[in-house]
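# Structure at a glance
This is what each chain is made of:
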Amino acid sequence: MSLKLNSKYLGSFVSEEALLAIEPEVKKAHSLLNENNANAAGNDFHGWISLPLDYDRDEFARIKQSAKKIMSDSEVLVVIGIGGSYLGARAAIEFVKSKNYNLTTKNAPKIFFVGNSISPTEISEIYSICENCDFSVNVISKSGTTTEPAIAFRVFKGLLEKKYAAEEAASRIYVTTDKAKGTLKSLADRMGYEEFVVPDDVGGRYSVLTAVGLLPIACAGIDIDKLMSGAANAVEKYNIPDISVNDCYKYAAIRNILYRAGKKVEMFVSYEPDFTLMNEWFKQLYGESEGKENKGIFPSSAIYSTDLHSLGQYVQEGERHLFETVFMFNEPKTELIIEADEENVDGLNFLAGKGMSYINRKAFEGTVLAHTDGGVPNIIIEADRMDEENLGEMIYFFEKACAVSGYILGVNPFNQPGVESYKKNMFALLGKPGYEELADALKARLD
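Everything numeric in this text was worked out from a predicted model, so none of it was measured.

## Notes on the overall build of the protein chain
When you go through the protein chain residue by residue, the secondary structure sums to 18 helices and 10 strands. Across the 447 residues in the protein chain, those meeting the buried criterion constitute 51%. Contacts in the protein chain between residues far apart in sequence, at least 24 positions, make up 78% of those at least 6 positions apart. Only carbon and sulfur atoms are counted for the fraction: they give 51% of the accessible area of the protein chain, which is about 20,400 Å². In the protein chain, the 47 positive side-chain charges and the 64 negative ones have mean positions that sit 3 Å from each other.

In structure tokens:
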């Protein structure tokens, strides 16, 4: 296990005294998470804490069996879901494989994620691809009535039933939903779809290590046994209520110290483009967990050195209300050596013989020094490589750090009441039955 927190670039913003002062709050948060405390806000969503150790082995085996079938009979897998029902899986696939996975995959299906927007263009493009190939669908929704994925499922279910006989169409639909109730559960039971469970005690943004994430991840040819092994090892590693030895809790503590010092924006940064969707997963995890009661750090992200040419000026000299959490990996997935050029037109012969990973590392070192000199604290998270076991540890590390950080902040890290506001307005404006009064009020405001 290789994940390590490097706090040497926090400057004067986080002192030993500040860490000692916040430690009782960390221990209280640990207690709320680990002692089945009835007073813990959201304690009915603590199932993810022990999940890497006590997950359903029978369902896990069925996930691998279904993935094997999809890989054998489908050129494309369409994954339908929104928020935590797709971000974790897509992030994991790009982390382990590549953000260019669909262009490079050879022994596994291309995987397209839909139902996470209402763009007709996006759905139409993927629909056109599926018209001309064998495909399967994994629809992920606890209720089956969330607007964006429900629309997408209607579209792709219709295409399956158009392309294939009824029995085969049904065999190509894999449903991840509530274990006992809901529109999608009822449909799956009636049609005979293969079913997997969204656990009652695991919220969407914490669900990547359940069937929600594991089926798409396995279909990409990723070893989910190693993924769960990495997470399982992390359970013990990050269960010690002592921030001097527990980097996960230390990270949660540092975030809150910086927040209280006026650092209201956290930039998740990596120097690997394959980390882009991990940044997006982090943004949902922390934004939805902490952003309530007019509190919370605003989560943002960047890929360096790319975004140094667009955001770098602001980070260096803009308002001093942000800090960076930077992810670095000691070994690249592949290496590229710079060769000497006889003419040396670009003046880069001084790099001849050096690997791109070395240059990337020096870009990080130069940037972290510049940004800390400019008053931007940097938290560095280091890992050996971008593989399944490191990813499993990272997922668990950040889920637990998020929960601890939320409790320190004084909010319930497991609900999202604000998400419902836009949905009610959208339903009313679309003319959904039962929303007539709200529709009239909204239309008056829009006119």
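Now that the structure is up, let's keep going.
## What to know about the pattern of salt bridges
Within this structure, the stated rule accounts for 26 salt bridges. For Asp 225, the salt bridge is made with Lys 64, and the minimal N-O distance between the two is 2.9 Å. Taken together, the residues span a long stretch of sequence, with Asp 225 in helix H11 (residues 224-237) and Lys 64 in helix H3 (residues 57-73) at a distance of 161 residues. Take Lys 64: its relative accessible area is 35%, and that puts it in the partly exposed class. One salt bridge connects Arg 255 with Glu 266, and the closest N-O pair in it is separated by 2.9 Å.

## Side note on helix H9 (residues 183-191)
Here H9 has its buried residues at Leu 184, Lys 185, Leu 187 and Ala 188. Each buried residue of H9 lies within a common arc of 165° when the element is viewed along its axis, so the set occupies one face. Lining the buried residues of H9 we find strand S4 (135-140), helix H7 (147-163), strand S5 (173-177) and strand S6 (194-197). Positive phi appears at Gly 192, one or two residues downstream of H9, with a value of about 80°.

## As for empty space enclosed by the protein
Inspection of every chain in the model, using the stated rule, returns one cavity of 30 Å³ or more. When its volume is computed, the largest cavity comes out at roughly 30 Å³. Forming the walls of the largest cavity are Tyr 271, Tyr 304, Glu 324, Val 326, Phe 364, Thr 367, Val 368 and Asn 378. Secondary structure elements with two or more residues in the lining of the largest cavity: strand S9 (322-329) and helix H15 (356-373). It is H15 that contributes the most residues to the lining of the largest cavity, three residues altogether.

## Comments concerning the pairing of strand S8 (residues 298-303)
Of all six residues making up S8, five are buried, and the element is well covered by its neighbours. Note: strand S7 (residues 265-270) against S8, six bridges, orientation parallel. Its bridge partner lying in S8, Ser 270 is registered against Ile 303. Crossover connection from S7 via helix H13 (residues 276-290) to parallel S8: handedness right-handed.

## Some points on the nonpolar core
One finds Trp 281, Met 394 and Phe 398 to be the most contacted residues of the largest nonpolar core, which totals 98 residues. Ranked by residues supplied to this core, first place goes to helix H16 (residues 388-409) with 13 residues. Among residues more than four places away in sequence, those in contact with Phe 398 are Tyr 251, Trp 281, Phe 282, Leu 285, Tyr 286, Phe 327 and Ile 381. In terms of nonpolar packing, the next biggest core, distinct from the first, is built from 26 residues, Val 78, Val 114, Ala 169 and Leu 187 among them.

## Observations regarding the environment of Leu 187
Structurally, Leu 187 is set in helix H9. Residue class for Leu 187 comes out buried when judged on its relative accessible area of 17%. Put simply, Leu 187 and Met 267 are 80 residues apart on the chain and 42 Å apart in space, counted from C-alpha to C-alpha. In this structure Leu 187 touches Phe 153, Lys 157 and Tyr 193, once residues within four positions along its chain are discounted.

The rules we used
Residues numbered from 1 in each chain as written. Predicted model: local features only at pLDDT ≥ 70, side-chain atom pairs only at ≥ 80, totals over all residues. Heavy atoms only, no water. Helix = DSSP H or I, 4+ residues; strand = E, 2+ residues; numbered from the N terminus. Buried < 20%, exposed > 50% of the residue type's maximum accessible area, 1.4 Å probe, protein only. Contact = heavy atoms within 4.5 Å. Areas by Shrake-Rupley, 256 points an atom, 1.4 Å probe, with all protein chains shown as cover. Lys, Arg positive; Asp, Glu negative; His and termini not counted. Charge placed at Lys NZ, Arg CZ, Asp CG, Glu CD. Salt bridge = Lys/Arg side-chain N within 4 Å of Asp/Glu carboxyl O. Arc of directions from axis to C-beta. 1 Å grid on protein atoms, 1.4 Å probe; cavity = no way out; pocket = protein on both sides within 12 Å on 5 of 7 lines; lining within 4 Å. Points joined across faces, edges and corners; volume = space filled by probe spheres on them. Pairing = 2+ DSSP bridges. Right-handed = clockwise from strand over helix to strand, strands pointing away. Core = buried A, V, L, I, M, F, W, Y, C linked by side-chain atoms within 4.5 Å.

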